[in-house]
Amino acid sequence: MSILINKTTKVLVSGMTGKEGTFHSRKMLDMGTNIVCGVTPGKGGITHLGKPVYNSVKEALAEHQIDACGIFVPSKFTLPAANEAVDGGINIIIAITEGISPHDSLKFISNAKKHNVMLIGPNTPGILTPEESKIGVLATEYVKKGNIGVISRSGTLTVEICYCLVKEGLGQSTIVGLGGDPVVGTTFKDIYMLFEKDEKTDGVIIVGEIGGTMEEELADYIANSQNKIPTVAFIAGQNAPPGKRMGHAGAIIEGGMGSADSKIKALTKAGVSIADVPWETGILMKDLLK
Amino acid sequence: MKLYEFEAKKIFTEYSIPIPTGSVYEQYNADRGRHLTNKPVVLKSQVLTGGRGKAGGIKPAFTEEEVRNGFKQLLSLRIKGLQARQILIEEQLDIKREIYLGYSILRSKAKIVFMISGEGGMDIEELARTRPEAIIKLSIDILDGFNKNHVESLIGKLGFDEKTTLEIADIARALYRIFTEYECDVAEINPLVITGDGKLIAADARISIYDEAVHKHPEYQKEEDTYTPLETRARKINLGYVELDGDIGVTGNGAGLNMATLDIITYFGGKPANFLEVSGRTYHKAKEAIEIILANPNVKIIFGNFFGCISRCDVIAKGLAEAIKSGILNVPLVIAMRGTGSVEGLETLKNAGVKELYEDDIDAGKRVVEILKTL
């Protein structure tokens, strides 16, 4: 089992005919993702990568049942593309696009919340259930099917962590990238709760980083949770100076908030094991599962 | 993109938020027009950082002598390493009370937060730490927008008369419009002054526009002087570089992996000299990355930590090999490479003469600190 997506999940790719959309749709299809169609305004009627393309989500929904949507459109078109998917009634939306103004994100995230839609991202590498399905850009070569849930704010580091887990013989149930932006639609806590309920997930790896308070809020939740599962966290940026953006738009210690120290303290207090370096995540998890 | 106080105040005027009479000067000028000549004034250093008042960046002046001397002093004063090039000269206000008014983003809830405090003028971050109850907050859903009734009832809690409450609410609404229309991460007035004769005036102004939205406002686009010269040089070629105070140069693909690399170096007892991400659109710029790292004279060794995904290791390795061939590399180089294209990448680097090649960062990180000790 897995959370959010599996091999039966019917996927629509918004921006499928673009350069990024084409490149990653091909990779998604290669690993078995059930892409049923694409949407690109003005390209309706063509077939791309063997799938029908529509002008709008509405047109696509008239022909297909859709469970999830990946958004690969350029940043200035993400707000309308996300709203279109929300308004069409798609329940899981993954916004891959980077460089969106956070005010646009506030708007489509609010719209998603009002419609009870799970919107992941923006600026996320997406989600991946090994050997079943992926929506996004995560590399499939370094993951393995298994029983560990991974939740991360990073891209490459997420793959590195999965690689470290596999070295310790630990596979993953589902890997979820939350996105590196200051404003994202889905938090650590939201996904953690899904993993807690998932029968096939025996442990969770949290890959946090400096900026914001998402990790502290997860710690609050875990401290009071009735159905705790083994949890290990690595927080990137333990040596980042305050006031500097560390690559991700959201990775910044500002206004006295968002330090790795504060996150590590909160998670430790909640009983989460802390990895000082990426490779310790797998070692600590293996110990916890003994 | 942070705006200077005088820039933010120009926007305030466009949105009918009252500001003190004033003008910005690059050079001392005795003739400052009817309202600012031979009158008590305040000189305010224009720098893009907080804590200006405490650092001596604001000077009241009562005589022309004081204006002239103050102007000179402020131009030479360094505030958190920054030097002002412009001085804002404003009328002195008759301050009866100071309020704080501001908006920012509540990241974890994806909402806008309105904040007001009856204790304006103070460092708001410090107030939030020491007496959080002194700041009243209201979260606003951007799709619901500014709700005058909610805001008025909040302001009412501070005990103002009805007229003042309504006036503050009008200013709060104007500031909300600025915050959303300019797509800010922060917009604040600290302090909003109530004068002896009952007028409301925004004595200070802080606006910061999200980098992703600043292209819509080219008049405020500038090279921020909060970056070091090397950081500015890296930004010009779209490399995310942050200068640190150690001696181990760092590069790698992905922001998260780069941050983790700094943590790995520290774990083994070393000190990183920088953060430098090569990824996405910039992963072919390995050579430029090496040049920037080496431009920091403290760097004694370089640690490149790569996991090939979309950014392929073989492409990165070609860039690194070019840098080596061009002869710019004058310090040891330790590389960790795994993932897509890493076999070819490691081969390319071996042929370019790199001896310290590893797959995993646990081995490479340990080695970097070992080599550093022998230098």
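This structure is a prediction, so every number in the text was calculated from the model and none was measured.

(A) Examining the overall build of chain B more closely. Along its length, chain B carries 11 helices and 18 strands. The contacts in chain B between residues at least 6 apart in sequence include a share of 68% that link residues at least 24 apart.

(B) Quick look at the overall build of chain A. For chain A, the count of helices and strands is nine helices and 14 strands. Along the three orthogonal principal directions, the C-alpha set of chain A runs to about 55 × 40 × 30 Å. Residues classed as buried in chain A amount to 59% of the 290 residues present. For chain A, long-range pairs separated by at least 24 residues make up 71% of all intrachain contacts whose partners lie at least 6 apart in sequence.

(C) A look at the packing of helix H9 (residues 313-325) of chain B against helix H10 (residues 342-351) of chain B. Residues and elements named next belong to chain B. Where H9 meets H10, the closest approach of the two axes is 7 Å, and the angle between their N-to-C directions is 15°. When the axis of H9 is compared with that of H10, the two are roughly parallel. Relative to H10, the crossing made by H9 is right-handed. Here Cys313, Asp314, Ile316, Ala317, Lys318, Leu320 and Ala321 of H9 come into contact with H10, specifically with Ser342, Glu344, Gly345, Thr348 and Leu349. Considered class by class, the residues forming the contact of H9 with H10 number six nonpolar, three polar and three charged.

(D) Examining the environment of A:Gly212 more closely. By the element assignment, A:Gly212 lies in the loop between strand E12 (203-209) and helix H7 (214-224). A residue is classified by how many C-beta atoms lie within 10 Å of it, and A:Gly212, with 27 of them, is buried. Along the primary structure A:Gly212 and A:Gly171 are separated by 41 residues, whereas in three dimensions their C-alpha atoms are 29 Å apart. Sequence-distant contacts of A:Gly212, that is, excluding residues within four places in its chain, are made with A:Pro182, A:Gly250, A:Gly258, B:Arg107 and B:Ser108.

(E) Spatial organisation of the domain arrangement of chain B. Taken domain by domain, chain B holds domain 1 (1-20 + 94-226), domain 2 (21-92) and domain 3 (229-374). Taking the mean C-alpha position of each, domain 2 of chain B and domain 3 of chain B sit 45 Å from one another.

(F) Quick peek at the interface of chain A and chain B. The interface of chain A with chain B comprises 49 residues on the first partner and 41 residues on the second. Elements with a minimum of two residues in the side of chain A that touches chain B: helix H4 (102-114), helix H5 (156-167) and H7 of chain A. Sort the elements by how many residues they give to the side of chain A that touches chain B and H4(A) lands first, with seven residues.

(G) Inspection of the sheet that holds strand E3 (residues 47-48) of chain A at higher detail. All names here are of chain A. Spatial ordering of the open sheet is given by E3-E4-E2-E1-E5-E6-E7, a layout of seven strands whose pairing is mixed. Each of the sheet's edge strands pairs with one partner strand only, and the pair in question is E3 and strand E7 (118-120). Strand direction decides the pairing type here: strand E2 (residues 35-39) and strand E4 (residues 51-54), joined by two bridges, are parallel. Following the sheet pairing, Gly38 is matched in E4 by Val53. Across the face of the sheet, helix H1 (residues 19-30) comes into contact with strand E1 (11-14) and E2 while running at roughly 175° to E2.

(H) Representation of the pairing of strand E10 (residues 184-195) of chain B in the model. Residues and elements named next belong to chain B. Counted residue by residue, E10 has 10 buried out of 12 residues, so it is predominantly covered. Bridge analysis of strand E7 (residues 95-106) against E10 gives eight bridges, and the strand direction is antiparallel. Its bridge partner being in E10, Arg97 is matched across the sheet by Ile194. Here four bridges tie E10 to strand E12 (residues 206-209), and the two strands are oriented antiparallel to one another. Within E12, the residue paired with Glu188 across the bridge is Arg206. Note that E10 and strand E11 (residues 200-202) share three bridges and pair antiparallel. Each bridged residue has a counterpart across the sheet, and for Val193 the counterpart in E11 is Ile201. Between E10 and E11, which pair antiparallel and follow one another directly, the connecting turn spans four residues, one of which, Gly198, has a positive phi of 80°.

(I) Broad picture of the pairing of E4(A). Residues and elements named next belong to chain A. Across two bridges, E3 lies against E4 in antiparallel orientation. Across the sheet, the residue bridging to His48 is Lys51, located in E4. The turn linking E3 back onto E4 is made up of two residues, and Leu49 within it adopts a positive phi angle of 50°.

(J) Geometry of the domain arrangement of chain A. All names here are of chain A. The domains assigned to chain A are domain 1 (11-120) and domain 2 (142-289). Just the C-alpha atoms count here: the centres of domain 1 and domain 2 sit 27 Å apart. Secondary structure elements with two or more residues in the side of domain 1 that touches domain 2: H4 and E7. Sort the elements by how many residues they give to the side of domain 1 that touches domain 2 and H4 lands first, with five residues. Residue composition of the side of domain 1 that touches domain 2, grouped by class: seven nonpolar, one polar and no charged.

(K) Here's a closer look at the packing of H7(A) against helix H8 (residues 260-269) of chain A. Residues and elements named next belong to chain A. Running from N to C, H7 and H8 point in directions that differ by 10°, and their axes come no closer than 8 Å. When the axes of H7 and H8 are compared, the pair comes out roughly parallel. On H8, the residues that touch Glu215, Glu216, Ala219 and Ala223 of H7 are Ser262, Lys263, Ala266, Leu267 and Lys269. Of the residues belonging to the contact of H7 with H8, the class tally is four nonpolar, one polar and four charged.

(L) Quick look at unusual backbone geometry. Residue A:Gly121 is joined to A:Pro122 through a cis peptide bond whose omega torsion reads 10°. Take A:Pro122: it is sitting in the loop between E7 and strand E8 (126-129). In the segment running from B:Asn190 into B:Pro191, the intervening peptide bond is cis, with an omega of 10°. Even without a glycine there, the phi angle at A:Asn116 is positive, about 55°. By the element assignment, A:Asn116 lies in the loop between H4 and E7.

(M) Local environment of the confidence of the model for chain B. Residues and elements named next belong to chain B. On average, residues of chain B score 92 in pLDDT, and 98% of them reach the 70 mark or higher. At the low end of the mean pLDDT range in chain B sits helix H3 (residues 124-130), at 83; at the high end sits E11, at 98. Listed scores for the predicted complex are pTM 0.93 and ipTM 0.94.

(N) Layout of the sheet that holds strand E6 (residues 87-91) of chain B. Residue and element names in this part refer to chain B. Spatially, the four strands line up as an open sheet ordered E1-E6-E2-E3, and their pairing is antiparallel. Here the strands that pair on one side only, and so sit at the sheet edges, are strand E1 (22-25) and strand E3 (58-61). Strand after strand, the sheet turns through a mean of 20° between neighbouring axes, direction not considered. The pairing of strand E2 (residues 41-45) with E3 spans four bridges and is classified as antiparallel. Note on E3: the bridge partner recorded for Lys44 is Ile58. Packed onto the sheet, helix H2 (residues 64-76) meets E2, E3 and E6 and runs at close to 10° relative to E2.

Thresholds applied
- Residues numbered from 1 in each chain as written.
- Chains lettered and ligands numbered in written order.
- Predicted model: local features only at pLDDT ≥ 70, side-chain atom pairs only at ≥ 80, totals over all residues.
- Helix = DSSP H or I, 4+ residues; strand = E, 2+ residues; numbered from the N terminus.
- Contact = placed C-beta atoms within 7 Å.
- Buried ≥ 20, exposed ≤ 12 C-beta atoms within 10 Å, placed from the backbone.
- Axes fitted to C-alpha atoms, helices over the stretch in contact; angles between N-to-C directions.
- Parallel < 35°, antiparallel > 145°, perpendicular 65-115°, else oblique.
- Left-handed = near helix turned anticlockwise from the far one by under 90°.
- Nonpolar A, V, L, I, M, F, W, Y, C, P; charged D, E, K, R; others polar.
- Domains from an automatic or database assignment.
- Pairing = 2+ DSSP bridges.
- pLDDT = per-residue confidence, 0-100.

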